[in-house]
Amino acid sequence: MSSMGGSADENLETKEMDARSVSSSHGQEPYVHKVGIPPRQNLFKEFQATVKETFFADDPLRSFKDQTKSRKLILGIEAIFPILSWGRNYSLTKFRGDLIAGLTIASLCIPQDIGYAKLANLDPQYGLYSSFVPPLIYAVMGSSRDIAIGPVAVVSLLLGTLLQSEVDPVTNVVDYQRLAFTATFFAGITQAVLGILRLGFLIDFLSHAAIVGFMGGAAITIALQQLKGFLGIVKFTKKTDVISVMHSVLSSAHHGWNWQTIVIGASFLAFLMFAKYIGKKNPKFFWVPAIAPLISVILSTIFVYLTRADKHGVAIVKHIEKGLNPSSVKQIYFTGNYLGKGFRIGIVAGMIALTEATAIGRTFASMKDYQLDGNKEMVALGAMNVVGSMTSCYVATGSFSRSAVNFMAGCETAGSNIVMSIVVFLTLQFLTPLFKYTPNAILAAIIISAVINLVDYKAAILIWKIDKFDFVACMGAFFGVVFASVEIGLLIAVSISFAKILLQVTRPRTAILGKIPRTTVYRNILQYPEATRVPGVLIIRVDSAIYFSNSNYVKERILRWLMDEEERVKGDYQTRIQFLIVEMSPVTDIDTSGIHALEELFRSLQKRDVQLVLANPGPIVIDKLHTSNFAAFLGEDKIFLTVAEAVAYCSPKLAEDP
């Protein structure tokens, strides 16, 4: 075959161009379809469409179409306060479901809140405060029917660890509490801003695998932290890594452990695990594991009070402040050194809280088959934490264990959160003195039983089977949290998630295609071993958009495929490669670097006496190829609708033999 500039080629090109315009009535030449060029869009409309797809992909204003101004106003208010929408159709039947669910989750949240506040190095009442105001705000502004709001283990640990690295919670209690409220305020601002600016997609950068690893590592860390209360150890490390914790536990084994505390903790942990087993075995008994923590608290408190075990070294809660949330507006740092620290901690805690709440909300929304607006949820969660920070609360979010119980108990609306808030309000007003003799060991047992399910080993095994790189992200986050700290684990999780994105963008997959026997279909020869190569033609598919980040790699990888193929055909004494077809169906976009790479590829192939042919470029790609004049540079007769037509151009005999 002569070079692209040869006269034989020119004749062939003319012949093919004629074939494009006229369908042969004699059947000598197959009709060649021209690749369509989309009509040029107005620049403003194109920009508008891009912005809409990026920030308004869910078309949030659909319900406002063709409505009167007054109706639009009502819909706008209902969008901000969904309670006005579902409240109109609220019935006694729905209230009964919400009442039962609210009472059930309240019985679970009260003992958990006291324990989670300790994880955050705060006094027990702050956990209860965070289950009073935030759920009320969420019930008014949130759109999930099933999510149960309050403090959660992972965020409590994260907040406690980050705050502790800035202020000592023992020697500087006031500054620590003020920094906690400041971090909560900025966590809420972060969440609300992400929702208002419709940047919810940012939390998707933390992959599922990284979240599984991070949550599992955090659960192990939380459980190990509970050994202090579970074993009755007085002097305990402030570090969270497994080596420091185990060293602290073992070094105090001879003189620091309290056997009475261990007996109480172990007995009730066994009871809690048995209750969980009953609930898992028979879903009808979902309420058993839900009320088990409260029963444990009541029984253990009575036991300690009657036996005065606190006189024998059993650590107790002692004092929980009575009354409603005091205002903390004046305690938030808006100036000074702690402002920046609170802002930084708030962003991290807010993002993790958001990730957890979004995952929970989506899970239960799909179970009940209703739509959840992620951005609206972020605004609701943000508003709830901003108000919470001003009423002595720390970061609250959706709790998976409580939301699952809420769902199983038959909640109908966010009204179950209001019921829970009322129960917490009554507890704060009248019942807090009753928790004075509650042993710390029982709180440790409740937290251990709550977080143990966060270690999702089945998900980790599935991740290993599906994607090894995802498994690396999962294990990186897990070991980072367990052996270093929560921050390091989080950093590893984010870093590996970004690394995966960068790897996929910069190193896209390419494949050699062959013809499936008795068809005109061309597929990956590794996936379909029966697919046959076309003599003298190399067909390569690029499975990604071609951008500045990968254009050079794509060009070099195609040339490497060509060299490998040339060596193979030379060894087998086959027809040398004369045409290289690039199948561009998966190439969704191309930039100037990508077009430049195609020009370089064209020149490299010219020197090797190989013709470049393109098959099925998409609308955006073909438009840019024409705008850049690459289509004219290559020759418009070398751009085809399908691989089969491109092969027919390169090898007419093959086209006749399906």
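Residues numbered from 1 in each chain as written. Predicted model: local features only at pLDDT ≥ 70, side-chain atom pairs only at ≥ 80, totals over all residues. Heavy atoms only, no water.

Caption draft 1: Main features of the UniProt feature "domain: STAS" (unreviewed entry) in the protein. Under the present numbering, the feature "domain: STAS" (unreviewed entry) in UniProt falls on residues 527–650. In the segment residues 527–650, helix accounts for 48% and strand for 15%; the C-alpha atoms at its two ends are 24 Å apart. (UniProt positions renumbered as here; feature names shortened; annotations may be inferred. Helix = DSSP H or I, 4+ residues; strand = E, 2+ residues; numbered from the N terminus.)

Caption draft 2: Expanded view of the environment of Gly374. With respect to the helices and strands, Gly374 occurs in helix α16 (residues 374–389). A residue is classified by how much of its surface remains accessible, and Gly374, at 29% relative accessible area, is partly exposed. (Buried < 20%, exposed > 50% of the residue type's maximum accessible area, 1.4 Å probe, protein only.)

Caption draft 3: View of the domain arrangement of the protein. Each assigned domain of the protein is listed here: domain 1 (21–38 + 508–653) and domain 2 (88–219 + 259–454). The centre of domain 1, based on its C-alpha atoms, is set 57 Å off from the matching centre of domain 2. (Domains from an automatic or database assignment.)

Caption draft 4: Representation of helix α18 (residues 415–431) in the model. Between its first and last C-alpha atoms α18 spans 23 Å; for 17 residues at 1.5 Å apiece the expected length is 24 Å, and the two agree. Inspection of α18 places Gly415, Ser416, Asn417, Val419, Met420, Ser421, Val424, Thr427 and Leu428 among the buried residues, and these make up the whole buried set. Looking at the buried residues of α18, the elements they touch are α4 (83–86), α5 (92–119), α6 (124–129), α7 (133–141), β1 (149–150) and α17 (400–408). (Expected span 1.5 Å × (residues − 1). Contact = heavy atoms within 4.5 Å.)

Caption draft 5: Fine view of the state of the cysteines. Tallying each qualifying case throughout the model produces 0 disulfides. Considering cysteine sulfurs only, Cys109 is the nearest to Cys411, which forms no disulfide, with 15 Å between them. The exposure class assigned to Cys411 is buried, which follows from its relative accessible area of 2%. (Disulfide = S-S within 2.5 Å.)

Caption draft 6: Looking closely at the nonpolar core. Counting residues in each nonpolar core, the largest one holds 96 residues, and the members touching the most others are Leu159, Leu163, Phe214, Ile222, Ile352 and Val424. If you tally residues by element for this core, the top one is helix α19 (residues 440–451), at 9 residues. Setting aside chain neighbours within four positions, we find Ile222 in contact with Leu119, Ala153, Val154, Leu157, Ile447 and Val451. The next biggest cluster of nonpolar side chains, apart from the first, holds 36 residues, and it includes Ile516, Trp561, Leu605 and Leu614. (Core = buried A, V, L, I, M, F, W, Y, C linked by side-chain atoms within 4.5 Å.)

Caption draft 7: Broad picture of the pairing of strand β7 (residues 611–615). Buried residues dominate β7, accounting for 5 of its 5 residues. Here 5 bridges tie strand β6 (residues 579–583) to β7, and the two strands are oriented parallel to one another. In the strand pairing of β7, Ile581 is matched with Val613. You can see the chain leave β6, run along helix α24 (residues 592–607) and come back into β7, and the turn it takes is right-handed. Across 2 bridges, the pairing between β7 and strand β8 (residues 639–640) is parallel. What sits directly across from Ala615, in β8, is Phe640. (Pairing = 2+ DSSP bridges. Right-handed = clockwise from strand over helix to strand, strands pointing away.)

Caption draft 8: Fine view of the sheet that holds β8. The sheet built from 6 strands is open, its strands ordered β4-β3-β5-β6-β7-β8 with mixed pairing. The open sheet has two free edges, formed respectively by β4 (522–524) and β8, since each of these has just one partner strand. Pairing between strand β3 (residues 510–515) and strand β5 (residues 537–542): 3 bridges, direction antiparallel. Across the sheet, Ala511 pairs through a bridge with Arg541, a residue of β5.

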